[in-house]
Amino acid sequence: MNIDHFHCIGSEHVSNAKPCQDYSRTYIDASRGIFAGAIADGCSGSKGDPSVGAMFLVNDYLQIVKHELYQTSPDIGIKDSLIFGMKDLCDRGYCYDDFFATLIGMVKTPTSFNVHWFGDGYVVLRYFDGIVKVKCIDYPFNMPAYLVHELTEDIELFIAHTGNTYKLITYTLNSDGELLSTEEEDLKATDYLTLDLQPEVESLASVSIFSDGLGLLKGDEPAPLYWKDCTAALNLTTFANVKGDFVKRAVTARFNRKKKFIPFDDYSQVTYVSYD
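This text gives an overview of the structure that appears in the document. What you are looking at is a predicted structure, and each value in this text was computed from that prediction instead of being measured.

### Focus: the pattern of salt bridges
- Within the structure shown, the criterion is met by four salt bridges.
- In this structure, aspartate 91 and lysine 87 form a salt bridge, with 3.1 Å as the shortest nitrogen-oxygen distance. With aspartate 91 and lysine 87 both in helix α3 (residues 78–91) and four residues apart, the pair spans about one turn of that helix.
- Aspartate 91 gets classed as exposed once you look at its relative accessible area, which sits at 58%.
- The class for lysine 87 is partly exposed, based on a relative accessible area of 44%.
- Linked through salt bridges whose partners overlap, the residues forming this network are Lys167, Glu184 and Asp186.

### A word on the pairing of strand β12 (residues 267–273)
- Extensive coverage of β12 is indicated by the burial of seven of its seven residues.
- Side-chain alternation along β12 places Tyr267, Gln269, Thr271 and Val273 on one buried face and Ser268, Val270 and Tyr272 on a second face that is also buried.
- Note that strand β1 (residues 2–8) and β12 share seven bridges and pair antiparallel. Bridge pairing in β12 places histidine 7 opposite serine 268.
- Here strand β11 (residues 204–210) pairs with β12 via five bridges, running antiparallel. Across the sheet, residue isoleucine 209 finds its bridge partner in β12, namely valine 270.

The rules behind these values
- Residues numbered from 1 in each chain as written.
- Predicted model: local features only at pLDDT ≥ 70, side-chain atom pairs only at ≥ 80, totals over all residues.
- Heavy atoms only, no water.
- Salt bridge = Lys/Arg side-chain N within 4 Å of Asp/Glu carboxyl O.
- Helix = DSSP H or I, 4+ residues; strand = E, 2+ residues; numbered from the N terminus.
- Buried < 20%, exposed > 50% of the residue type's maximum accessible area, 1.4 Å probe, protein only.
- Pairing = 2+ DSSP bridges.

Written out as structure tokens, the structure reads:
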């Protein structure tokens, strides 16, 4: 078992002299069978510095997870804890607009496996039998719900502008990338997702989380990642070995095969593998 992360800047931000607005990190306590990781994607249209918000959300998520795993004192939940942390920093002088960032985190313990999904991005599940499920979220007008909306009445403005629902799309493919089925589920705009993977943990070979940079590797328009483009998800979750920085090796190798290709958008990925 292992978990690894990688993030890099996209060509759009390089050409506009902007910092990388994606961030990723992982945490391992192998002695207790705990593997956790998170990615965040700052909104380029923010008036603040979303690279700050992306870094904060990832680091705070991992701190909250560790608190819940190791402490016996009552907690207030991951979502509320993240909101409390953003409010605290805003009270200390940080800009509200710094925190326009999406977040996906996952934590695997010996008795549980959950993915926490706040905003857009992708979750890719690979099974030992060769089946691959690519899950993505399609928000109207490519405008995801940001946790920072919860700090003000902006969440009501968000709903009024984009509507009250979004789609969770699941593409099921075989190992060759052939589409087997497509499922769509309408969810309320303010319902952040928790995926409980524990019931199928024995059949899962790997679980990967990506920012929406995955859907822009060809410079295409934003999400959803339609099934015909799922080859990127397949390639970036196939590893020659899973020792050390295995995600970094897989991603940079793919980019190098494209003659030093730099992704159009900032890119971030965390992958947990259940095999050695």
